[in-house]
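# Reading the structure
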Number of protein chains: 6
Amino acid sequence: MQLTTLGGAALRLAPRGTERLETADALSVDVEGAECNAAVAASRLGADAAWLSRLPDDPLGRRVAGELRGHEVEVLAPFGGGRQGLTFFERGATPREDGRVDDRAGAAVEGLDFDSLPTERVEVADVAYVAAGTPTTSTGLAEATAKFLKTARDGGATTALGLLDAAAVADDSDTDTLEGLLPAVDVLVATAPAVEAAFGRSGEPTRVTHALASNRGFETVALLRDGDAAAWHDSTVHEFALPAVETVDVTGAVDAFAGAFLVGLVDGEVKTALRGAVAADALVKTTPGALPVFTRSELEAVGETVERP
Amino acid sequence: MQLTTLGGAALRLAPRGTERLETADALSVDVEGAECNAAVAASRLGADAAWLSRLPDDPLGRRVAGELRGHEVEVLAPFGGGRQGLTFFERGATPREDGRVDDRAGAAVEGLDFDSLPTERVEVADVAYVAAGTPTTSTGLAEATAKFLKTARDGGATTALGLLDAAAVADDSDTDTLEGLLPAVDVLVATAPAVEAAFGRSGEPTRVTHALASNRGFETVALLRDGDAAAWHDSTVHEFALPAVETVDVTGAVDAFAGAFLVGLVDGEVKTALRGAVAADALVKTTPGALPVFTRSELEAVGETVERP
Amino acid sequence: MQLTTLGGAALRLAPRGTERLETADALSVDVEGAECNAAVAASRLGADAAWLSRLPDDPLGRRVAGELRGHEVEVLAPFGGGRQGLTFFERGATPREDGRVDDRAGAAVEGLDFDSLPTERVEVADVAYVAAGTPTTSTGLAEATAKFLKTARDGGATTALGLLDAAAVADDSDTDTLEGLLPAVDVLVATAPAVEAAFGRSGEPTRVTHALASNRGFETVALLRDGDAAAWHDSTVHEFALPAVETVDVTGAVDAFAGAFLVGLVDGEVKTALRGAVAADALVKTTPGALPVFTRSELEAVGETVERP
Amino acid sequence: MQLTTLGGAALRLAPRGTERLETADALSVDVEGAECNAAVAASRLGADAAWLSRLPDDPLGRRVAGELRGHEVEVLAPFGGGRQGLTFFERGATPREDGRVDDRAGAAVEGLDFDSLPTERVEVADVAYVAAGTPTTSTGLAEATAKFLKTARDGGATTALGLLDAAAVADDSDTDTLEGLLPAVDVLVATAPAVEAAFGRSGEPTRVTHALASNRGFETVALLRDGDAAAWHDSTVHEFALPAVETVDVTGAVDAFAGAFLVGLVDGEVKTALRGAVAADALVKTTPGALPVFTRSELEAVGETVERP
Amino acid sequence: MQLTTLGGAALRLAPRGTERLETADALSVDVEGAECNAAVAASRLGADAAWLSRLPDDPLGRRVAGELRGHEVEVLAPFGGGRQGLTFFERGATPREDGRVDDRAGAAVEGLDFDSLPTERVEVADVAYVAAGTPTTSTGLAEATAKFLKTARDGGATTALGLLDAAAVADDSDTDTLEGLLPAVDVLVATAPAVEAAFGRSGEPTRVTHALASNRGFETVALLRDGDAAAWHDSTVHEFALPAVETVDVTGAVDAFAGAFLVGLVDGEVKTALRGAVAADALVKTTPGALPVFTRSELEAVGETVERP
Amino acid sequence: MQLTTLGGAALRLAPRGTERLETADALSVDVEGAECNAAVAASRLGADAAWLSRLPDDPLGRRVAGELRGHEVEVLAPFGGGRQGLTFFERGATPREDGRVDDRAGAAVEGLDFDSLPTERVEVADVAYVAAGTPTTSTGLAEATAKFLKTARDGGATTALGLLDAAAVADDSDTDTLEGLLPAVDVLVATAPAVEAAFGRSGEPTRVTHALASNRGFETVALLRDGDAAAWHDSTVHEFALPAVETVDVTGAVDAFAGAFLVGLVDGEVKTALRGAVAADALVKTTPGALPVFTRSELEAVGETVERP
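In what follows, the accompanying structure is described. (Residues numbered from 1 in each chain as written. Chains lettered and ligands numbered in written order. Predicted model: local features only at pLDDT ≥ 70, side-chain atom pairs only at ≥ 80, totals over all residues. Heavy atoms only, no water.)

The next thing to look at is the sheet that holds strand S12 (residues 187-191) of chain B. Residues and elements named next belong to chain B. Spatially, 9 strands are ordered S6-S4-S1-S10-S11-S12-S13-S14-S15 in an open sheet, and the strand pairing comes out mixed. Where the open sheet ends on each side, the last strands, each with one partner, are strand S6 (73-76) and strand S15 (236-241). Averaged over all neighbouring strand pairs, the angle between strand axes comes to 15°, with direction disregarded. Direction of pairing for strand S14 (residues 228-233) relative to S15: antiparallel, over a ladder of 6 bridges. In the sheet register, Trp232 faces S15, and the bridge partner there is Val237. Along the sheet, helix H7 (residues 205-216) contacts S12, strand S13 (220-224), S14 and S15; its crossing angle with S14, the most-contacted strand, is approximately 35°. (Pairing = 2+ DSSP bridges. Helix = DSSP H or I, 4+ residues; strand = E, 2+ residues; numbered from the N terminus. Axes fitted to C-alpha atoms, helices over the stretch in contact; angles between N-to-C directions. Contact = heavy atoms within 4.5 Å.)

We now examine the relation of the copies chain E and chain F. When chain E is brought onto chain F, the operation consists of a screw motion whose angular component is 120° and whose axial shift is 0.0 Å, with 0.0 Å RMSD remaining. In symmetry terms, the pair is related by a three-fold rotation axis. Across chain E, the smallest distance between a C-alpha and the rotation axis is recorded for Gly17 of chain E, namely 5.0 Å. (Least-squares fit on C-alpha atoms with pLDDT ≥ 70 in both.)

Structurally, Lys285 of chain F is set in helix H9 (residues 270-285). Those residues in contact with Lys285 of chain F that lie beyond four places of it in its chain are Leu242, Val245, Glu246, Thr247, Val248, Asp249, Val250 and Ala253 of chain F.

What follows deals with the packing of aromatic side chains. Residues and elements named next belong to chain C. This model, assessed by the stated rule, comprises 6 aromatic pairs over all chains. Centre to centre, the rings of Phe114 and Phe148 are 6.4 Å apart; their planes meet at 70°, and the pair counts as edge-to-face. Of this pair, Phe114 sits in the loop between strand S9 (99-103) and helix H3 (120-123) while Phe148 sits in helix H4 (residues 139-154); the two residues are 34 residues apart in sequence, bridging distant segments of the chain. Across the pair, exposure class does not vary: Phe114 and Phe148 are buried alike. (Phe/Tyr/Trp six-rings, centres within 6.5 Å; stacked < 30°, edge-to-face > 60°. Buried < 20%, exposed > 50% of the residue type's maximum accessible area, 1.4 Å probe, protein only.)

Residues and elements named next belong to chain F. Where H9 contacts helix H10 (residues 296-305), the axes come no closer than 8 Å and their chain directions differ by 110°. As the angle between them shows, H9 and H10 are arranged roughly perpendicular. From H9, Arg275, Gly276, Ala279, Ala280 and Leu283 reach across to H10, where they touch Glu298, Leu299, Val302, Gly303 and Glu304. Here the contact of H9 with H10 is built from residues that sort into 5 nonpolar, 2 polar and 3 charged. (Parallel < 35°, antiparallel > 145°, perpendicular 65-115°, else oblique. Nonpolar A, V, L, I, M, F, W, Y, C, P; charged D, E, K, R; others polar.)

This part covers the environment of Arg216 of chain C. Residue and element names in this part refer to chain C. Residue placement: Arg216 occurs in helix H7 (residues 205-216). Sequence separation between Arg216 and Gly111 is 105 residues, and the spatial gap between their C-alpha atoms is 31 Å. Here the side chain of Arg216 touches Glu179 through a polar contact of 2.6 Å, side chain to side chain. (Polar contact = N/O pair within 3.5 Å; in protein donor to acceptor, adjacent residues only side chain to side chain.)

Time to look at the pattern of salt bridges. All names here are of chain B. Applying the stated criterion across every chain yields a total of 162 salt bridges over all chains. Between Arg216 and Glu179 there is a salt bridge whose closest N-O contact spans 2.5 Å. Remark: Glu179 occurs in helix H5 (residues 172-181) and Arg216 occurs in helix H7; sequence separation between them is 37 residues. Assessed through its relative accessible area of 32%, Arg216 is described here as partly exposed. (Salt bridge = Lys/Arg side-chain N within 4 Å of Asp/Glu carboxyl O.)

Nothing here speaks to function; it is geometry throughout.
Quick look at the structure:
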């Protein structure tokens with residue numbers, strides 16, 4: 001199964017444990033990005049995954065590329081101008097929330113020109129995936145996303161959109177950008193807060209997935225909520241409760257949900273895909289950092305414990 | 001709002017996570033002290049905070065001074081003889097309790113001579129604060145505390161005593177020392193175990209605060225218990241339940257309660273002060289180390305979730 | 001009280017916190033081994049503990065010896081051929097399980113020749129202890145174990161077997177090896193999963209201990225389950241519930257249960273021994289690493305909170 | 001002695017030892033900035049030092065402020081828009097050079113408006129100091145620098161310029177900016193490479209200092225070269241060889257040279273000032289990070305070993 | 001330029017700085033292997049590099065694969081039986097030598113079956129490279145090496161042998177194995193100690209390279225000594241002195257010498273190849289760990305400083 | 001060979017690398033003490049070494065005992081009152097010197113009562129060793145030292161004094177204490193600065209050793225200087241130059257010199273003893289911390305490189 005994705009990535013700098021950014025003396029370095037997180041999850045489940053992007057030609061950009069290649073994702077990202085996007089992150093502890101300083105303005109990915117990228121991997125893809133935060137970053141990235149989806153569909157790929165981060169659709173222009181892309185999307189993978197932010201719709205996941213599919217003409221819709229997840233496909237809805245999780249770091253979990261769902265969707269049936277997606281989400285929460293480090297057998301072991309709500 | 005405090009500080013040396021002092025290969029270094037913890041909390045809420053003390057003229061003493069200045073507390077501590085007080089601390093995990101080796105005998109603060117300190121900051125203070133552990137350390141510090149409270153009151157300040165650590169009033173002579181100071185105290189900020197140790201009194205916080213205020217003539221009494229907190233002032237009692245907390249390190253939390261309460265008391269009404277104090281206590285528990293690292297907006301966000309028991 | 005043990009030890013290499021072996025950049029180094037864990041627990045409770053083994057003549061073998069000596073266990077392990085056994089360990093977080101890569105094949109202990117060891121400590125022992133994993137490692141170690149138990153019993157010692165790890169009795173030949181040794185065993189200290197793996201027996205601990213004692217002729221049987229523990233001795237059964245534990249690392253806890261039980265058994269009555277064993281199990285779970293780092297007074301403090309189920 | 005400075009500061013993120021940015025798993029966090037480095041050096045020698053700047057209102061900006069306050073520098077930096085400037089730094093080892101990724105575009109300091117700053121500290125300053133990199137950053141900062149120097153001189157201060165980093169005068173417009181400011185400068189503290197970059201002048205330090213003073217009308221000129229340093233003042237030149245140094249990290253050393261020289265200049269005679277400056281440069285090289293952590297007595301001890309070339 | 005290599009890799013576990021294996025509390029984790037080190041060096045210089053091997057199907061084997069992929073080397077290593085080879089390493093300090101515990105017996109690579117590997121990358125290679133330590137490990141690996149060299153040569157590749165580690169040719173059977181392979185080798189890259197161990201030959205590098213080429217019929221011979229390096233090709237010898245190096249860790253440096261030399265050889269002329277090889281050797285010594293982390297421009301900058309002895 | 005020593009030990013807390021105590025965020029924990037350092041060195045060379053002392057009954061005291069036992073030194077130190085002595089240490093870098101804050105006042109060892117110690121190990125010792133810093137600490141320790149030396153000599157032991165730290169004989173009363181003990185001393189192991197401080201004598205080591213032996217009646221005198229070492233015994237003087245050393249941490253090196261010398265003296269001839277002592281001194285300097293971690297074969301390998309000046 002070939003999964004091709006397009007998007008940016010940030011270096012994430014975070015203190016140990018529950019220390020605070022304001023006073024921590026050392027920061028660990030990780031890579032995160034909605035689409036590359038998903039690509040890594042897919043690769044770990046056996047997919048042939050690729051990531052199109054643009055990176056700065058400096059040690060930080062090379063680090064991002066190296067980290068993703070180490071997780072067996074093909075990196076198709078010309079080194080060019082701009083800086084490496086950063087996220088400073090600190091883990092909260094109840095009642096203190098996770099904190100973050102997003103420092104991505106001027107990132108190299110903003111200068112991404114789709115036409116200059118090698119598009120072979122898009123043309124042969126089984127699934128082409130992008131998350132909502134990519135087109136809403138800039139007009140240039142919105143155009144690149146549109147071309148990406150079109151090229152993929154023309155090549156016979158299933159196109160998929162991740163609507164996972166409510167902050168990515170924070171205002172009307174974001175929503176407008178998104179609306180323009182939706183006709184080119186076959187599969188929507190979403191979280192409840194992002195669906196509410198984008199479409200003002202909330203409620204039981206079985207209903208919401210059905211409504212989204214009907215109204216928007218998606219082939220498949222997967223939805224993740226706080227305690228459960230549902231997937232609508234071919235007039236059938238499947239639903240699972242999320243397993244109990246000892247959470248270490250939630251970053252990247254929803255993206256792994258998307259990656260695992262798309263692999264499962266192409267490989268087999270929707271129910272199994274959703275089960276795997278729920279397990280991927282759980283596993284990513286148990287490790288620090290955003291990039292998934294699970295094996296297929298670990299995912300299946302957790303998947304077996306997942307039950308209907 | 002000007003808060004001036006007097007007391008000692010220890011360097012706290014602690015292993016990572018739940019490792020034990022007996023076998024840990026590295027110790028992190030923090031600063032802690034009942035009054036300086038409170039001063040930092042106050043400073044973070046916008047107060048102009050100062051700390052009177054005495055420090056050894058060596059890298060450890062300079063470290064204490066630097067750490068507190070970094071949290072925007074004015075340090076008025078002549079460098080002199082004596083050693084830097086230390087606390088070796090290890091975090092427990094149920095059923096193992098937190099462990100500590102107190103190694104403060106001979107600390108420079110024991111040689112503190114109030115008359116040789118610059119007292120301008122005491123004279124202009126809105127609130128002058130000291131915790132019970134300071135006067136009960138030595139006769140010299142008991143005298144210094146008495147002068148501190150008198151100078152402050154003469155200057156028009158509200159005087160406040162922290163009765164937060166039961167170990168500070170472990171025997172009769174401690175209690176005697178304390179009794180001698182009480183007439184000079186306007187506000188008592190206390191924990192239930194310390195009140196029981198000092199005055200043999202326990203029970204519902206609303207009752208205890210009222211009783212203390214009546215019998216001892218305090219203007220204001222704030223009391224922190226395991227699950228709730230109360231404050232008596234001007235014949236009215238306010239009460240809040242403590243929020244759920246994922247505790248990382250309790251050190252300093254009660255002192256932040258005191259610091260936040262005193263800032264709130266001067267800034268506005270008692271109810272808001274208590275709400276902030278409860279939030280400060282919760283936030284300090286979520287980070288390693290004793291010195292508070294919260295912002296006013298974080299405190300207010302937590303404060304909003306605090307409700308009556 | 002003199003406790004003499006025989007077995008192997010591994011260096012345990014583990015990432016910090018919940019990081020994964022596949023991606024962690026640093027590993028902490030610990031020592032673990034069923035019998036040496038028990039010996040350390042016993043030593044910490046005042047026993048004169050010894051450990052017979054065989055170690056490679058390299059920095060890793062010396063490290064194992066040094067670590068155990070540091071916990072006041074006498075190490076009687078000639079340095080010889082073979083390599084140092086290793087265990088790569090990663091801590092899980094629900095729903096991800098603890099992971100381990102056992103890398104002990106070819107370990108120096110496999111070449112252990114009982115006749116070449118100094119046996120004075122076996123002859124004067126009050127208790128001689130070995131865990132099931134030692135004789136089931138190889139024919140050579142099965143023979144050494146038989147000689148060890150015989151020498152001990154001849155010298156007047158109580159002989160004890162730890163049946164704590166179900167993986168140590170994974171197949172029929174393991175069980176056969178074990179059966180051959182049982183007649184030489186006075187005391188069995190076991191966990192419920194290992195009893196089920198070895199003898200196919202499960203159920204209420206009071207019943208299981210009684211049945212094992214009757215059928216196999218043990219003088220004493222102690223059994224640890226998920227939530228409780230029981231001990232049968234002299235026609236009487238004692239039972240305690242396990243205390244609530246904030247678990248950091250379970251490694252070595254069952255071995256400390258064994259070590260503490262055997263010390264208690266020789267020192268006094270079975271009920272006290274079981275109480276101490278349950279407390280030892282709880283305390284070891286609260287620290288990283290396998291080797292116990294508690295004091296007798298800490299153990300007694302926890303023991304006092306242990307109650308009947 | 002009152003030293004007031006104006007400039008920006010970066011958080012410096014650096015791997016341990018000689019690890020590389022591309023692959024390091026953790027980065028230590030420090031603060032650096034030409035003027036604040038100098039201010040810290042001055043403060044450590046007893047000066048009353050202040051730093052005017054502008055910082056982002058986030059944990060990173062607060063960190064910069066806290067770090068400098070911890071070194072007893074008064075921070076007069078309104079929290080405003082923009083981001084925290086960063087420098088990624090890796091220490092080289094011969095023949096590999098130190099590496100850095102400068103990531104300061106869009107830093108909050110670029111929005112600094114001199115008129116909105118509290119200028120009392122400028123008006124009462126004995127010395128007002130700025131480094132060439134500050135006015136050459138942007139037109140806004142060039143204007144702020146001009147106002148800063150004028151305000152200081154009007155208040156009776158000696159004005160000083162640091163021409164220490166050749167990269168700060170990389171092109172003609174930088175030189176033009178600098179030329180515009182020179183008439184307002186009394187003291188020039190410079191390095192040989194930066195003098196060559198700015199004025200195309202090189203050679204023996206005694207000659208260069210004299211030439212600069214004559215041609216440009218400076219009252220005092222101090223110059224630091226690879227192996228020696230010289231200072232011209234009142235028609236006299238002093239010269240010292242640099243002591244042998246086991247270099248750990250050169251960052252900030254030239255700024256400490258400047259800070260120590262200015263303190264010495266106000267406190268006493270030029271020769272002593274230069275001796276202290278050379279010692280400060282040496283001491284900063286012996287510790288990781290840019291901010292000086294020496295005491296006056298350490299500086300004097302090194303200063304005593306400094307001799308004429 | 002396509003470089004294909006065959007060999008094993010070890011996880012290297014090493015204490016920080018100059019700590020000792022016997023007492024260090026934490027070990028850093030790296031990957032090292034004669035051929036994969038060379039492949040990484042080649043990849044960093046723009047080559048399309050591949051590594052054929054066999055790895056255990058566990059987190060340690062996956063880690064090796066991930067690390068190499070992260071350095072953009074294609075890993076063609078089926079996951080199979082056996083364990084992950086390990087090297088425990090400690091850095092010495094004069095007069096204490098580097099220490100190592102090699103723990104590679106039973107490594108998965110010993111079960112490598114060349115016929116089961118995908119050989120496309122061998123057939124299209126420009127250069128096929130193996131180091132002497134691979135065939136001398138076992139008869140199976142000697143056979144695999146022979147097939148590898150034959151397949152490569154049949155496909156038109158230049159074949160190259162690394163004779164870099166004297167320990168790899170420690171006894172006569174090692175030398176015999178090597179002799180059997182030499183006829184299939186076009187290029188020899190060697191160190192002086194290994195040449196002496198294998199062929200009993202030492203002396204001036206220009207002579208030794210010439211003698212080896214004449215007697216053994218190599219097309220090209222490169223030789224690295226303590227202070228210089230030489231390369232013989234087409235009846236011409238080039239020679240360079242090694243640059244001064246502040247050595248952090250020598251591991252992998254000779255392998256980078258080989259990798260860089262082979263890239264240079266295919267890309268252009270021998271003199272440039274040797275210059276780059278000498279620079280690669282120097283750069284790898286400046287960073288901890290075996291895998292090269294330099295860029296082509298860094299290599300060229302160092303190369304420019306390399307001169308004839 | 002049995003070596004019995006008497007003295008105190010400190011926990012040494014030190015920042016990483018060349019960080020400073022004033023600002024380091026973490027401190028590593030080591031054990032150091034003139035006599036226990038020597039005992040560990042002796043134990044590593046095969047001696048049966050013991051250490052008499054007194055320790056506080058807390059995790060810090062237990063840590064000291066455990067660390068020394070881990071190096072196979074028998075610890076005969078009753079747990080009693082007092083605190084654990086500490087040393088805060090920071091490594092310098094030229095021209096910055098090593099720094100230390102000695103914090104040993106009130107240490108448990110000050111309460112040592114020789115009569116309450118088990119003296120069997122003193123009576124059977126081949127050599128009894130104490131360093132000058134122990135008797136000069138307090139009158140009580142001076143008395144204990146006198147009893148220790150007398151008991152040892154009565155038992156037939158050679159008595160040895162270490163005069164290694166000039167600070168231990170800082171004033172006249174120290175010298176008086178020392179003079180009182182000298183008649184009971186057979187072997188003096190000294191450094192040049194300490195000899196000058198105690199006896200006002202300096203010069204060529206061969207002369208100084210001879211003069212000390214003649215005037216004071218020592219059987220044997222070993223002397224360590226900056227670049228060489230000498231030993232006088234039985235009218236013969238041996239002399240060696242110190243080998244080149246890449247120094248990491250000098251702490252404990254002179255004590256290892258003493259320990260190795262005494263082992264060599266009993267085991268064989270003085271020349272070999274001095275050679276080993278010089279090698280031990282060199283090896284300890286190559287690792288962080290005070291306790292030696294070398295093997296006999298490492299020591300011999302270095303010893304072979306040691307030559308006459």
